[in-house]
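Below, each chain spelled out in residue letters.
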Amino acid sequence: MQTLSRQATPSSIIASRVADLDQTLAHAALRRVEAKEFVFIEGDPTTHVFRVETGAVALYKVLADGRRQIVGFAYPGDLIGLGAQGEHVMNAQAIKPTRLRCLGLATLHRSAAQDPALGFKLYEAVARELEATRDLMLTTGQRSATERVVSFLLAFSRRAERNGLDPCDFELPMTRADIGDFLGLTIETVSRTFTKLRTLGFIELPQASRVKLVDLDHLEDLAAGASNQD
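Residues numbered from 1 in each chain as written. Predicted model: local features only at pLDDT ≥ 70, side-chain atom pairs only at ≥ 80, totals over all residues. Heavy atoms only, no water.

## Re unusual backbone geometry
Let me state the cut-off plainly: Strands are runs of DSSP state E lasting at least 2 residues, helices are runs of H or I lasting at least 4, and numbering of each runs from the N terminus.
A positive phi angle is found at Lys 36, which is not glycine, with a value near 80 degrees. With respect to the secondary-structure elements, Lys 36 resides in the loop between β1 (29-33) and β2 (38-40).

Below, the structure written as structure tokens:
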């Protein structure tokens, strides 16, 4: 009797392709950058895609008046450099000592063209970038300083939870100035808001870079504008 081989399910094929991407990146060149060092700058040709292994990277534009507008942060596991056509349209700068895997863009495009599952994985990564941009627009729109800072902390908390970390006790890799440039606030306003939230008993600040969320219910209310503490 002929034995029928068991066919792989679509989900297992996709998982295999994602594992293939991870394996490819695991063997890609490793680059180390120090805090404040650039991964790439606006106008640089797009030759590689980078995956953050450790550390963190700020992605930002320089506005016409010279101010910096951070549009997002990349953390371990995130890909940066996707979606740029020909040249980078923003700056990528390490905000702490960072290690990156560097994969040639031509190699990645060739693999994605041959493998629809891999192409879909890259599409998801670009979609997450667009979603983060929309979230930034909502966060910095008509919201008060308190609402912006609390929304930022809650977003960081949700990310920590997705990665299997404590959602109420985490390290912030960025400075208060970085947070201000992300939220459209001055460093003084950010620092004052952190102090206010601590005084109200909603958060604790064991260290400048470490935050404990103590009262999630009140923080959710603040983010939703239910109680304006400005």
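Now that the structure has been shown, the text picks up again.
## A look at the confidence of the model for the protein chain
The test is simple: What pLDDT conveys is the predictor's confidence in a given residue, as a value from 0 to 100. We call two residues in contact whenever any of their non-hydrogen atoms come within 4.5 Å of each other.
Residue-level pLDDT values for the protein chain average 82, and 73% of them are 70 or greater. Across residues 1-18 the pLDDT falls below 50, and counting only partners more than four positions away or on other chains, this stretch makes six contacts in the model.

## Comments concerning the pairing of strand β7 (residues 91-94)
What counts here: Relative accessible area decides the class of each residue, using a 1.4 Å probe on protein chains only: under 20% of the type maximum gives buried, over 50% gives exposed, and in between gives partly exposed. Two strands are counted as paired when DSSP detects at least two bridges linking them.
Because side chains alternate across β7, one face comprises the buried residues Asn 91 and Gln 93, and the other comprises Ala 92 and Ala 94, equally buried. Two strands pair when backbone bridges link them, and β2 and β7 are joined in this way by two bridges, in the antiparallel orientation. For Phe 40, the partnering residue across the bridge sits in β7 and is Ala 92. Inspection of the sheet shows strand β4 (residues 57-62) paired to β7 by four bridges, in the antiparallel sense. The residue bridging Ala 58 from the neighbouring strand is Gln 93, located in β7.

## Topic: the pattern of salt bridges
Selection criterion: Any Lys or Arg side-chain nitrogen located within 4 Å of an Asp or Glu carboxyl oxygen qualifies as a salt bridge.
Applying the stated criterion across every chain, the model contains seven salt bridges. Notably, a salt bridge pairs Arg 51 with Glu 53, separated by 2.8 Å at the nearest N-O pair. Overall, the relative accessible area of 13% leaves Arg 51 in the buried class. A salt bridge links Asp 65 to Arg 67, with the nearest nitrogen and oxygen atoms 2.6 Å apart. Residues joined by salt bridges that share partners form a network here, namely Arg 68, Asp 178 and Asp 181.

## Quick notes on the sheet that holds strand β3 (residues 48-54)
Across the sheet, four strands lie side by side as β1-β8-β3-β6; this open sheet has antiparallel pairing. The open sheet has two free edges, formed respectively by β1 and β6 (79-80), since each of these has just one partner strand. By the bridge criterion, five bridges tie β1 to strand β8 (residues 98-104) in an arrangement that is antiparallel. Following the sheet pairing, Ala 29 is matched in β8 by Cys 102.

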